[in-house]
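Listed here are the chains, written in short residue letters.
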Amino acid sequence: GYMLNCGLGVVIMVIAAVALLIKQSAVREMLLAVFPGGESLICLLAAAAVCLLCTMNNITAPSGSLEGKNLWLLQAYPVPAKKVLNAKLRLHLILTLIPAAVLLAAVEWVLKPSVGLAVMLPVTVAAFVLWSATFGLFLNLKMPNLSWTSEIVPIKQSMSVMVALFGGWAAIMLLALLYWAVSSFMSPLVFLICIAGLLLAAAALLLRWIWTKGAQIWN
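Because the structure is predicted, anything quoted here is derived from the model rather than measured.

## A closer look at the confidence of the model for the protein
Here comes step 1: With 96% of its residues at a pLDDT of at least 70, the protein reaches an overall mean of 89.
Here comes step 2: Per-residue pLDDT, averaged within each element of the protein, yields its smallest value for helix α5 (residues 71-76) (65) and its largest for helix α7 (residues 115-142) (95).

In structure tokens, the structure reads:
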């Protein structure tokens, strides 16, 4: 149930990569017809689409709650809370970044972006995945549900899962609106550089909170 509801993006991203390679000619023609001369904008839309699929992996959001009444076992082990929380983050990153890398490879094969965009596409997606992983764990530490009787409850009916999912969608929409506001004087490449920096800074702040106050909450 955990992987079906919080790790569906793994399967969907791989399927999307295969479908994109099979239909690459049709996809390229359609995009160039809709956005003639807008190859950079197409790459920007591709980054948003991949990030949207990455939000379907919500692995950290219920990870603490799933310990339930057995949480005391982890707390009793001679393992620092920071190490336990890092393990939850790593699981999210591994299960999201690997299929995202497969999909991005297919995207770049089909779109053939410039060198700058080819570099910034994976960097921006990786920054978004890191932010979403830390954001989900932050929410779960702030809003845990340890009194459940069925594992489906913290997975499907958890406030942290809902906020993490819709928060990821909202972040992508806000970034799209931001680009619309600055597109007259900022190229897609520069925008991706700025957004990657912003996401990494936000992730760093959340990571610092997780390692300090979050670790205290866990204990």
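## Overview of the environment of W211
Here comes step 1: Relative to the helices and strands, W211 is located in helix α10 (residues 188-218).
Here comes step 2: Sequence spacing of W211 and I42 is 169 residues, and the spatial spacing of their C-alpha atoms is 38 Å.
Here comes step 3: Beyond its immediate sequence surroundings of up to four residues, W211 is in contact with K82 and N86.

## Some thoughts on the nonpolar core
Here comes step 1: Residues V50, C54, L103, V125, W131 and F191 are the most contacted members of the largest nonpolar core, which totals 43 residues.
Here comes step 2: Elements supplying a minimum of two residues to this core: α2 (8-22), α4 (39-54), α6 (81-111), α7, α9 (159-182) and α10.
Here comes step 3: Ranked by the residues each element gives to this core, the list is headed by α7, at ten residues.
Here comes step 4: Apart from the residues within four sequence positions on either side, W131 is in contact with G167, G168, A171, L199, A202, A203 and L206.

## Details of the environment of L117
Here comes step 1: Following the sequence through the fold, L117 ends up in helix α7.
Here comes step 2: Relative accessible area serves as the criterion here: at 4%, L117 is assigned to the buried category.
Here comes step 3: Spatially, the C-alpha atom of L117 lies 7.3 Å from that of C43, the residues being 74 residues apart in sequence.
Here comes step 4: With sequence-adjacent residues up to four places away left out, L117 is seen in contact with S40, C43, E108, P188, L189 and L192.

## Describing unusual backbone geometry
Apart from glycine, the bulk of residues carry a negative phi angle, and the bulk of peptide bonds sit in the trans form.
Here comes step 1: We note that K112 has phi near 50 degrees; this positive angle belongs to a residue other than glycine.
Here comes step 2: Tracing the chain through its elements places K112 in the loop between α6 and α7.
Here comes step 3: Taking the relative accessible area as the measure of exposure, K112 reaches 53% and is therefore exposed.

## Things to note about the state of the cysteines
Should the sulfur atoms of two cysteines be covalently bonded, the bond is a disulfide.
Here comes step 1: On inspection of all chains with the given rule, the structure shows zero disulfides.
Here comes step 2: For C54, which is in no disulfide, the shortest distance to another cysteine sulfur is to C51 and amounts to 5.9 Å.
Here comes step 3: Of all cysteine sulfurs in the structure, the one in C51 sits closest to C194, which takes part in no disulfide; the separation is 15 Å.
Here comes step 4: The class of C194 is partly exposed, set by a relative accessible area of 39%.

## Things to note about the packing of aromatic side chains
Two aromatic rings, taken as a pair, are described by how far apart their centres are and by the angle between their planes.
Here comes step 1: A complete count under the given rule lists five aromatic pairs for this structure.
Here comes step 2: With 5.7 Å between their ring centres and 45 degrees between their planes, F128 and W131 make a pair best called tilted. With a gap of three residues between them, F128 and W131 both fall in helix α7, about one helical turn apart.
Here comes step 3: A residue is classified by how much of its surface remains accessible, and F128, at 2% relative accessible area, is buried.
Here comes step 4: With a relative accessible area of 12%, W131 lands in the buried category.
Here comes step 5: Relative to F191, the ring of Y179 has its centre 5.1 Å away and its plane inclined at 65 degrees; by these criteria the two rings are edge-to-face. Highlighted residues: Y179 in helix α9 and F191 in helix α10, separated in sequence by twelve residues. Accessibility assignment for this pair places Y179 and F191 in one class, buried.
Here comes step 6: Cluster of aromatic residues (ring-pair linked, three or more members): F128, W131 and F135.

Definitions and cut-offs
- Residues numbered from 1 in each chain as written.
- Predicted model: local features only at pLDDT ≥ 70, side-chain atom pairs only at ≥ 80, totals over all residues.
- Heavy atoms only, no water.
- pLDDT = per-residue confidence, 0-100.
- Helix = DSSP H or I, 4+ residues; strand = E, 2+ residues; numbered from the N terminus.
- Contact = heavy atoms within 4.5 Å.
- Core = buried A, V, L, I, M, F, W, Y, C linked by side-chain atoms within 4.5 Å.
- Buried < 20%, exposed > 50% of the residue type's maximum accessible area, 1.4 Å probe, protein only.
- Disulfide = S-S within 2.5 Å.
- Phe/Tyr/Trp six-rings, centres within 6.5 Å; stacked < 30°, edge-to-face > 60°.

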